[in-house]
Amino acid sequence: MRLLSPRQSYHDAGLAATAAPALYVLNLLVSLYAGAAKAEQPPFLSSGAYDLGSLGKYPVQQFKSVELTAPRPNLVRQSGRCSKDLLTFLSPRGSADQATHPQATILDHNGQLVWTSGWDHKQIYNLMAQDYRGNRYITFWAGNDAVGGHGAGSYYMLDETYNMTQRIHAANGLKGDLHEFRFTPEGTALITAYDVRDIDLSGLGKKIGPIWDSVFQEIDIETGDLVFEWRASDHVSIADTYRGIGEEGEPNGAPFDWFHINSVEKDAKANYLISSRYLHSIFYINGRTGDILWTLGGKRNQFKDLSGGKATDFAFQHDARWDNNYEEITLFDNSHEGGPLESAHPRGVRLYVNQVTMTAELLTEYKNPTHVPAQSQGSMQTLPNGNVLLGYGFSGLFTEFTRSGKILCETHFGPQSRFGTGDVQSYRVLKFNWHSVPETEPHLVISQDDALMWRAYASWNGATEVSDWVLQGMDDGTAGKWIVLEKKAKSSFETDFILRSDLPEYIRVMALDARGNTLSTSPPRDATKVDIVRFMVPIHYFLLIFPSPLS
């Protein structure tokens, strides 16, 4: 479609001078419509319709240049104090239509897609960026998450071009669990696993029966060898659980999930900090003997609470981490395991823990002003600038706070009215520095938009260094010279160029970095199929709507 310029002579166009005002308005309206009728749509900004669920259980974004689907989030709160230099890592999944296809997803600070990928039709959890031997990797767990509330799968490492470099398995014949996959400075990985074991359950009113025993392992990344293994039932009494046994634990029946390990971290003393969801406890484990050095929270709490109970009353928690030179512990306090919304009071917690005086003090609570249920999953991360990021697991949102607890930014990737339903969720939501120039080539597609205008759509899944796109054309596909047709700054995942009637036979796009260096070039596309026609419409119709002041 070719539009007349407002500066173009209307007599040259073969139109009466009296039609000029109407045609100008027509030209303007069509230009505005054509500009808005792009394939990619921006994130929503504080959309009430989004949060009411009027736009669906899981609003998503699709593209012209490549067959990808990404969340189209609702940016509810925004602040310049949020971590704009970091990318957001999440792995949306759930019962909503599009969420049934799990995707590893990276978004920028504006909620726009950077990279997304499925993985062999498996569930994906624990998406992170981690360092190993001086290089940066994307890491995650993938497998079957429908195994007793945990998972059976493997752990993957992708390099900075998104090529898989390593697949890690649990040792001793166990299946790797989804809850943890975290590197140590020693070149090892901490993972979790669940193992069925028969045990005396008389203290819970049953006989010998099966349990899901929580295990964590430290694995040498290069060799896959086991470095250390710890098993909960060897050190902890099953009677300390807060979870009712119900029908579980019967001979030949479903194993009883009593401990439910969900995070592991190794400190500078080579000891381990672990979280048990169903014991409402954080355990500190001796890295040589496996003995429990102390317990924070739960029935065996060993710390004096200097905050009137608020430091040790967490429940069903996730993601326990050391912070501030091993003097503080952060965690995501789920506070409940389902039931009425009124029972949900999830929070991020920052505790000062004195291991000499055995005291614990609540330093900061990170509470969302929205009443958000988070009966499972969830994360808390202290960011490099001191801010704190909370992911709410079973509910589709994440929130960034100041270190002192003031809310800064909040993003919903599912409607607020559906929080707690599991329509869309992400085990953790974390932020990291990540830079990539993929080995794949950029994608370029020639297509008509909703206004039937021909455009060239360019994107490059996973590329983080593209500053500008350059559209080039060439008339002879074998010996011609590429000429620049247009240059555009990259502002979102997909960039489009309007195609004019004097289009060359072939077009391609070049991706440039901030210094103007060429990163990669798309394969050429045959543009001869583009049928660009002059926009024609009875002018007297528009004169009825926009009468000329000269008439």
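Keep in mind that this is a model prediction, so the values were computed, not measured. (Residues numbered from 1 in each chain as written. Predicted model: local features only at pLDDT ≥ 70, side-chain atom pairs only at ≥ 80, totals over all residues. Heavy atoms only, no water.)

Attention shifts here to the overall build of the protein. Looking only at helices and strands, one finds 3 helices and 38 strands in the protein. A buried classification covers 55% of the 551 residues belonging to the protein. Put simply, 56% of the contacts in the protein that link residues at least 6 apart link residues at least 24 apart. With the model as given, the accessible surface of the protein reaches about 23,800 Å², and the carbon-plus-sulfur share is 49%. (Helix = DSSP H or I, 4+ residues; strand = E, 2+ residues; numbered from the N terminus. Buried < 20%, exposed > 50% of the residue type's maximum accessible area, 1.4 Å probe, protein only. Contact = heavy atoms within 4.5 Å. Areas by Shrake-Rupley, 256 points an atom, 1.4 Å probe, with all protein chains shown as cover.)

Our next topic: the state of the cysteines. This structure, assessed with the given rule, holds 1 disulfide. Residue cysteine 82 pairs covalently with cysteine 409 via a disulfide, S to S 2.0 Å. Its S-S torsion of approximately 125 degrees makes the covalent link between cysteine 82 and cysteine 409 right-handed. Residue cysteine 82 is found in the loop between strand S4 (74-77) and strand S5 (87-90), and its partner cysteine 409 is found in strand S29 (residues 407-412); the two are separated by 327 residues along the sequence. Classification of cysteine 409 by relative accessible area gives buried; the value is 15%. (Disulfide = S-S within 2.5 Å.)

Once that is clear, we can look at unusual backbone geometry. Among all residues save glycine, negative phi is the norm, and among peptide bonds the norm is trans. Unlike most non-glycine residues, arginine 133 shows phi in positive territory, near 50 degrees. Backbone geometry places asparagine 252, a non-glycine residue, at a positive phi of 65 degrees. Within the secondary structure, asparagine 252 sits in the loop between strand S15 (226-231) and strand S16 (256-257). A residue is classified by how much of its surface remains accessible, and asparagine 252, at 84% relative accessible area, is exposed.

All right, on to a negative patch on the surface then. Residues Asp475, Asp476, Glu505 and Asp526 make up a contiguous surface patch of negative charge. When you line up the elements, aspartate 476 lands in the loop between strand S33 (468-474) and strand S34 (483-489). For aspartate 476, a relative accessible area of 39% gives the class partly exposed. (Patch = residues over 30% accessible without salt bridge, like charges linked within 9 Å, V, L, I, M, F, W, Y side chains within 5 Å. Salt bridge = Lys/Arg side-chain N within 4 Å of Asp/Glu carboxyl O. Lys, Arg positive; Asp, Glu negative; His and termini not counted. Charge placed at Lys NZ, Arg CZ, Asp CG, Glu CD.)

To continue, consider the pattern of salt bridges. Following the criterion strictly, the structure yields 31 salt bridges and no others. One salt-bridge network, in which partners are shared between bridges, spans Glu180, Arg182, Glu265, Asp319, Arg321 and Arg428.

So, about the packing of aromatic side chains. Applying the stated criterion to the full structure yields 30 aromatic pairs. Both rings, one in tyrosine 125 and one in tyrosine 427, keep their centres 5.7 Å apart while their planes meet at 55 degrees; by these two values the pair is tilted. Here tyrosine 427 lies in the loop between S29 and strand S30 (430-432) and tyrosine 125 lies in strand S8 (residues 123-132), a separation of 302 residues in the sequence. Tyrosine 125 gets classed as buried once you look at its relative accessible area, which sits at 4%. Its relative accessible area of 1% is what places tyrosine 427 among the buried residues. These aromatic residues form a ring-pair network of at least three members: Phe216, Phe228, Trp230, Trp258, Phe259, Tyr272 and Phe283. The lysine or arginine in question, arginine 72, covers the ring of phenylalanine 44, its NZ or CZ lying 3.9 Å from the ring centre. Positioned above the aromatic ring of phenylalanine 497, the side-chain terminus of lysine 488 is 5.7 Å from the ring centre. (Phe/Tyr/Trp six-rings, centres within 6.5 Å; stacked < 30°, edge-to-face > 60°. Lys NZ or Arg CZ within 6 Å of the ring centre and 35° of its normal.)

Positionally, glycine 396 belongs in the loop between strand S27 (388-391) and strand S28 (397-401). Residues glycine 396 and arginine 418, 22 residues apart in the sequence, show an inter-C-alpha distance of 8.6 Å. Excluding its chain neighbours within four sequence positions, the residues that come into contact with glycine 396 are Thr411, His412, Phe413, Gly414, Phe419 and Val424.

Attention now moves to the nonpolar core. Among the nonpolar cores identified, the biggest contains 22 residues, and Phe216, Trp230, Trp258, Phe259, Tyr272 and Ile274 are the most heavily contacted of them. With 3 residues, strand S14 (residues 208-220) is the largest single contributor of residues to this core. Dropping the residues within four chain positions of it, isoleucine 274 is found in contact with Phe216, Trp230, Phe259, Ile261, Ser263, Val264, Ser281, Ile282, Phe283 and Ile285. (Core = buried A, V, L, I, M, F, W, Y, C linked by side-chain atoms within 4.5 Å.)

So, about the environment of glycine 420. Inspection of the secondary structure assignment puts glycine 420 in the loop between S29 and S30. Taking C-alpha positions, glycine 420 is 9.9 Å from glycine 339, a pair spaced 81 residues apart along the chain.

Before going further, it helps to spend a moment on the sheet that holds strand S35 (residues 495-498). In space, the 3 strands of this open sheet follow the order S31-S32-S35, with antiparallel pairing throughout. A strand with exactly one partner marks an edge of an open sheet, and here the two such strands are strand S31 (443-448) and S35. Ignoring strand direction, the axes of neighbouring strands in this sheet form an average angle of 25 degrees. As paired strands, strand S32 (residues 454-459) and S35 are joined by 4 bridges and run antiparallel to one another. Bridging from a neighbouring strand, alanine 458 pairs with threonine 495 of S35. (Pairing = 2+ DSSP bridges. Axes fitted to C-alpha atoms, helices over the stretch in contact; angles between N-to-C directions.)

A word on the confidence of the model for the protein. Mean pLDDT over the protein works out to 90, with 88% of the residues at or above the 70 mark. Note that pLDDT drops below 50 for residues 1-37; the model gives that stretch 59 contacts with residues more than four away or on any other chain. Taken as a whole, residues 533-551 scores under 50 in pLDDT and shows 24 contacts with residues more than four places along the chain or in a different chain. (pLDDT = per-residue confidence, 0-100.)

Right, let's talk about the sheet that holds S29 for a bit. Pairing is mixed across the open sheet formed by 6 strands, whose spatial order is S1-S4-S29-S28-S27-S26. Each having just a single partner strand, strand S1 (44-45) and strand S26 (379-382) make up the two edges of the open sheet. Strand direction decides the pairing type here: S26 and S27, joined by 4 bridges, are antiparallel. For methionine 380, the partnering residue across the bridge sits in S27 and is leucine 390.

Another point: the side chain of threonine 192. Along the polypeptide, threonine 192 turns up in strand S13 (residues 188-200). A polar contact is formed between the side chain of threonine 192 and the side chain of aspartate 177, at a distance of 2.6 Å. Not counting residues up to four positions away in its chain, the partners in contact with threonine 192 are Tyr155, Gly176, Asp177, His179, Glu180, Val215, Phe216, Ile261 and Val264. (Polar contact = N/O pair within 3.5 Å; in protein donor to acceptor, adjacent residues only side chain to side chain.)

Let's shift gears to the pairing of S15. Looking at chain direction, S14 and S15 are connected through 5 bridges and run antiparallel. Pairing of glutamine 217 across the sheet is with glutamate 229, part of S15.

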